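Fold and contact review
Given next are the chains, with one letter for each unit.
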Amino acid sequence: MESILNLIERLRNSQESEFENILSQALIDAKPSSNLLRDYLSESLIYMRISLNLWERVISVLPSLFTINEFLLLLDQIVKCIQNRYQEKDEEIIKFCRKLVIHENGEIRMLGRKLWDSYKVSKGDVEPLEFPPEDQVRLIISLSQDILNPEIRLPMLLQFFNSESETIRKILLMGLFEYTLNYFGVVKELFNSNRFLSSDESVLFTHFLNNGEKRFKLGDSAKELHSEYMMPDVYEECQRAEREMMKSVYREASANHTDWLSQLFIRVALARGGGFRREDSSVQPLGHVKVEKLMPMMASSKTPLEESSYFHKLLKNWSKEETL
């Protein structure tokens, strides 16, 4: 295996026209270990010279070189390298993301979805109804099967309600079912704020949303379904155990690690009212920082068997017959 230093030296002493061949030999032909590949991709002098064409070839062989766990450990690093090299969300990078998202290999699709979400490819960036029918089907299934990032994916996915193909619209309904159960309010708001082609599928989905809203309201009003009412002792014990666990984790982290950022600030004692007293006795209110992240509502309710089935579905390789 070629060392990082040797590879960098070869690139420095070569013409730009030779980069593709040199990198292809190191990243594909030499079949590097996952650790060596991670080392290669940690060097900007290497990954900044990888073209999209070469990335496509490298990614296509990764599932055959590494175990699933090894591949998953590489995902974030690959996404970061590609984003650093190709910072603009242009037509070329969008086309590249789409190829990966609808790929037959499940692991490559997972990487494609990470890239898709990282570049925030959404409604204004693509015209999904202009894709070939098979690509439309694959796009719907792939972008809806891991039920993540609805703020990016849903605005574009809902455009398939405007498809003239009844088959496409029915496949969209199947893909949206679990998405809607996990992000009901978001889906309902997006669907109702847009106009779609009148069809049996859009009418059926409207009924589904209306019935779902009634069921959620009924569930919220039924105290018998709330743990704090039906099992207050157990509920309180779980809350207490969670607080203690978080405190112990924080104490352990604080005892074993002093980060440089904490050295830039002065420790102060907080008083009631959400503020602290300055040296001149004036009270300084605390700043308010709020971060929101949409999470699938039913993610924590899956049984181990359902979790296993879910990941099997995500990583399953497709054939043309199975997809369509």
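Let me sum up the structure you'll find in this document.

Cut-off values and rules
- Residues numbered from 1 in each chain as written.
- Predicted model: local features only at pLDDT ≥ 70, side-chain atom pairs only at ≥ 80, totals over all residues.
- Heavy atoms only, no water.
- Core = buried A, V, L, I, M, F, W, Y, C linked by side-chain atoms within 4.5 Å.
- Buried < 20%, exposed > 50% of the residue type's maximum accessible area, 1.4 Å probe, protein only.
- Helix = DSSP H or I, 4+ residues; strand = E, 2+ residues; numbered from the N terminus.
- Contact = heavy atoms within 4.5 Å.
- Phe/Tyr/Trp six-rings, centres within 6.5 Å; stacked < 30°, edge-to-face > 60°.
- Lys NZ or Arg CZ within 6 Å of the ring centre and 35° of its normal.
- Axes fitted to C-alpha atoms, helices over the stretch in contact; angles between N-to-C directions.
- Left-handed = near helix turned anticlockwise from the far one by under 90°.
- Nonpolar A, V, L, I, M, F, W, Y, C, P; charged D, E, K, R; others polar.
- Patch = residues over 30% accessible without salt bridge, like charges linked within 9 Å, V, L, I, M, F, W, Y side chains within 5 Å.
- Areas by Shrake-Rupley, 256 points an atom, 1.4 Å probe, with all protein chains shown as cover.
- Salt bridge = Lys/Arg side-chain N within 4 Å of Asp/Glu carboxyl O.
- Polar contact = N/O pair within 3.5 Å; in protein donor to acceptor, adjacent residues only side chain to side chain.

Grouped burial of nonpolar side chains is what soluble globular proteins tend to show. Ranked by internal contacts, the top residues of the largest apolar core, which has 75 residues, are W55 and I82. For this core, the element with the highest residue contribution is helix α6 (residues 68-85), accounting for seven residues. If sequence neighbours within four positions are ignored, W55 has contacts with L41, I50, I78, C81, I82, Y86 and F96.

On to the packing of aromatic side chains. Any aromatic ring pair is given by two values, namely how distant the centres are and how the planes are angled relative to each other. Taken as a whole and judged by the stated rule, the model has ten aromatic pairs. For the ring pair Y310 and F311, a centre distance of 5.2 Å and an interplane angle of 70° mean the geometry is edge-to-face. Take Y310: its relative accessible area is 13%, and that puts it in the buried class. Grouped by ring-pair contacts, the aromatic residues F161, F177, F191, F196, F205 and F208 constitute a single cluster. Here R109 stacks its cationic end above the ring of W318, 3.7 Å away from the centre of that ring.

The subject of this paragraph is the environment of S34. Locating S34 in the fold gives a position in helix α3 (residues 34-41). When its relative accessible area of 7% is taken as the criterion, S34 is described as buried. Sequence separation of S34 and F66 is 32 residues, and the distance between their C-alpha atoms is 6.9 Å. Sequence-distant contacts of S34, defined by excluding residues within four places in its chain, comprise F66, E70 and L74.

Of note, K31 is a non-glycine position whose phi angle comes to about 50°, a positive value. Considering the arrangement of structural elements, one finds K31 in the loop between α2 (19-29) and α3. The exposure class of K31 is exposed, given its relative accessible area of 55%. One non-glycine residue, I147, lies in the positive phi region at around 40°.

This brings us to the packing of helix α10 (residues 150-157) against helix α12 (residues 184-192). Look at α10 against α12: their axes get within 10 Å of each other, and the N-to-C directions meet at 40°. Along this stretch, α10 crosses α12, giving a crossing that reads as right-handed. The residues of α12 that touch α10, namely those facing P150, L154 and P155, are V186, V187 and L190. Broken down by class, the residue content of the contact of α10 with α12 amounts to six nonpolar, no polar and no charged.

Let's shift gears to a nonpolar patch on the surface. Nonpolar side chains collect at one region of the surface, where Y229, M230, M231 and V234 lie side by side and expose about 420 Å² of accessible area between them. If you trace the backbone, M231 turns up in the loop between α14 (227-230) and α15 (232-256). For M231, a relative accessible area of 42% corresponds to the partly exposed category.

According to the stated counting rule, one finds 17 salt bridges in the structure shown. Where R113 meets D146, a salt bridge forms, and the shortest distance between an N and an O atom there is 3.2 Å. Here R113, found in helix α8 (residues 106-118), pairs with D146, found in the loop between α9 (133-145) and α10; they are 33 residues apart in sequence, far enough to count as distant. Several salt bridges share partner residues, and in doing so they unite R113, D117, D146 and R153 into one network.

Moving on, we come to the side chain of S202. Summarising the element assignment, S202 is placed in helix α13 (residues 200-221). A polar atom in the side chain of S202 sits 3.0 Å from the backbone oxygen of S199.

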